[in-house]
There are 2 protein chains.
Amino acid sequence: MLYVVGVGAAKGYLTDKAKQIISKADVVYGSKRAIEYAEEFIRGEIRVLKKFGREVYDEIERVAKEKNVVVLSTGDPMVSGLGKKINGIVEPGISSVQLALARLKLDLCEVVVVDSHGKNSYDEIEKALEFRGKVLVLADKNFDPSKVRGKVTVLENLGLENERIGEEIKSDLAIVYIER
Amino acid sequence: MLYVVGVGAAKGYLTDKAKQIISKADVVYGSKRAIEYAEEFIRGEIRVLKKFGREVYDEIERVAKEKNVVVLSTGDPMVSGLGKKINGIVEPGISSVQLALARLKLDLCEVVVVDSHGKNSYDEIEKALEFRGKVLVLADKNFDPSKVRGKVTVLENLGLENERIGEEIKSDLAIVYIER
């Protein structure tokens with residue numbers, strides 16, 4: 001059995017359903033941060049993931065043929081997460097997109113969410129702004145806000161102690177809100 | 001103090017953060033269903049909401065000037081929820097949109113979410129399909145899938161025992177996935 005479980009954007013966001021699935025696993029994979037958020041509910045073996053990619057996912061899927069395996073995903077596995085990459089049952093978690101919507105008091109049904117990690121997404125953002133005028137971009141430090149037309153707000157470290165709302169991107173875990 | 005707290009799409013989806021906020025409230029408002037999901041964590045007075053609307057929200061905001069108030073919202077308050085309607089701090093919850101994405105193995109960054117409750121949204125859906133080709137519609141029984149061009153999948157009662165994936169809409173809590 002193979003589950004991909006969202007642990008939320010910070011500590012304290014785990015649901016009871018997620019805790020239950022995690023506690024039943026023989027082996028739990030996850031980044032250092034994801035393991036940290038879920039650690040008190042893990043009963044099986046912990047395997048910290050230091051790299052990600054097809055080879056790693058193939059190995060996990062192989063192990064899951066014989067054992068009860070959970071792969072932890074920070075935030076929600078279906079928000080630029082591991083859900084599409086690993087062939088398992090997905091259990092949702094609270095994503096930083098939800099925290100951004102909560103802080104900005106925006107409804108998901110009035111925005112478009114664009115993933116800009118490791119790719120050029122300015123064309124997609126322009127089309128999204130033409131369609132709805134309100135766009136949330138999952139961005140890293142390479143994102144250049146001067147390349148989009150609209151009012152820009154940067155939200156960083158959402159849910160963490162150093163949560164920050166401003167105009168500059170300082171981390172690789174930023175959400176950029178653009179309104180036009 | 002006034003909080004709008006997401007209790008998730010079904011029982012078992014409450015986060016620790018949400019439980020903590022709920023347990024500190026003097027007064028907790030919510031629909032019968034929302035109260036049911038959160039009941040074991042409520043220490044204060046329960047006020048079941050039977051109708052919704054500006055008048056009710058004004059009254060809640062008035063009470064919150066003197067007491068610690070929580071308004072429960074099924075799913076996530078920022079997904080066609082109470083978050084935009086009530087002037088309080090929003091705490092996210094797991095929405096049925098997230099469960100739909102998990103079941104369909106779709107990423108939030110490849111879809112558009114459209115609210116079709118109590119309104120004609122066919123034009124918006126057409127534009128969303130032209131933009132991204134993959135649309136999730138929050139729909140009720142009045143929604144007519146024959147009015148959209150694309151492959152339709154209906155997901156109902158997500159997270160509940162009678163969860164169902166099919167082609168017909170039988171409830172007012174449906175998510176319709178359209179792909180083109």
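Refer to the structure above for everything that follows.
We now turn to the structure provided with this report. (Residues numbered from 1 in each chain as written. Chains lettered and ligands numbered in written order. Predicted model: local features only at pLDDT ≥ 70, side-chain atom pairs only at ≥ 80, totals over all residues. Heavy atoms only, no water.)

## Observations regarding the relation of the copies chain B and chain A
There are two copies of the chain, and a rotation about an axis plus a shift along that axis relates them. Note the cut-off: C-alpha atoms of residues with pLDDT of at least 70 in both copies form the basis for the least-squares superposition of the copies. Only heavy atoms enter the contact rule, under which two residues are in contact if any of them lie within 4.5 Å.
Once turned by 180° and shifted 0.0 Å along the axis, chain B lies on chain A with an RMSD of 0.0 Å. Here the transformation between the copies is reduced to the relation of a two-fold axis. Proximity to the rotation axis, assessed at the C-alpha, singles out T15 of chain B in chain B; its C-alpha lies 2.2 Å from the axis. Comparing contact sets, 100% of the residues at the interface of chain B also lie at the interface in chain A, consistent with an isologous, same-surface contact.

## Focus: the interface of chain B and chain A
Interface size is often expressed as the accessible area that is lost when the parts come together. This is how it is decided: Throughout, buried area stands for the accessible area (probe radius 1.4 Å) lost by two parts on being put together, summed over both. By definition, a salt bridge exists where a carboxyl oxygen of Asp or Glu is found within 4 Å of a side-chain nitrogen of Lys or Arg. Polar contact criterion, stated in full: a pair of N or O atoms within 3.5 Å, where within protein one must be able to donate a hydrogen and the other to accept it, and residues adjacent in sequence count only if both atoms are side-chain atoms. Strands are runs of DSSP state E lasting at least 2 residues, helices are runs of H or I lasting at least 4, and numbering of each runs from the N terminus. Only Asp, Glu, Lys and Arg are considered charged in this grouping, and only Ala, Val, Leu, Ile, Met, Phe, Trp, Tyr, Cys and Pro are considered nonpolar; every other residue, Gly among them, is considered polar.
Taken together, the 46 residues of chain B in the interface contact 46 residues of chain A. For the chain B face of the interface with chain A, the top three residues by lost area are M78, K105 and F131 of chain B, together amounting to 18%. Run the count over chain B and chain A and you get six salt bridges. Salt-bridge contacts for K84 of chain B lead to E110 of chain A; the nearest nitrogen and oxygen are separated by 2.7 Å. Counting the contacts that link chain B with chain A gives 29 residue pairs in polar contact (both at pLDDT 80 or more). For the side of chain B that touches chain A, the elements supplying multiple residues, two or more each, are α1 (16-23), β5 (89-91), α4 (96-104), β6 (112-115) and α5 (122-132) of chain B. With six residues, α4 of chain B is the largest single contributor of residues to the side of chain B that touches chain A. Of the residues belonging to the side of chain B that touches chain A, the class tally is 21 nonpolar, ten polar and 15 charged.

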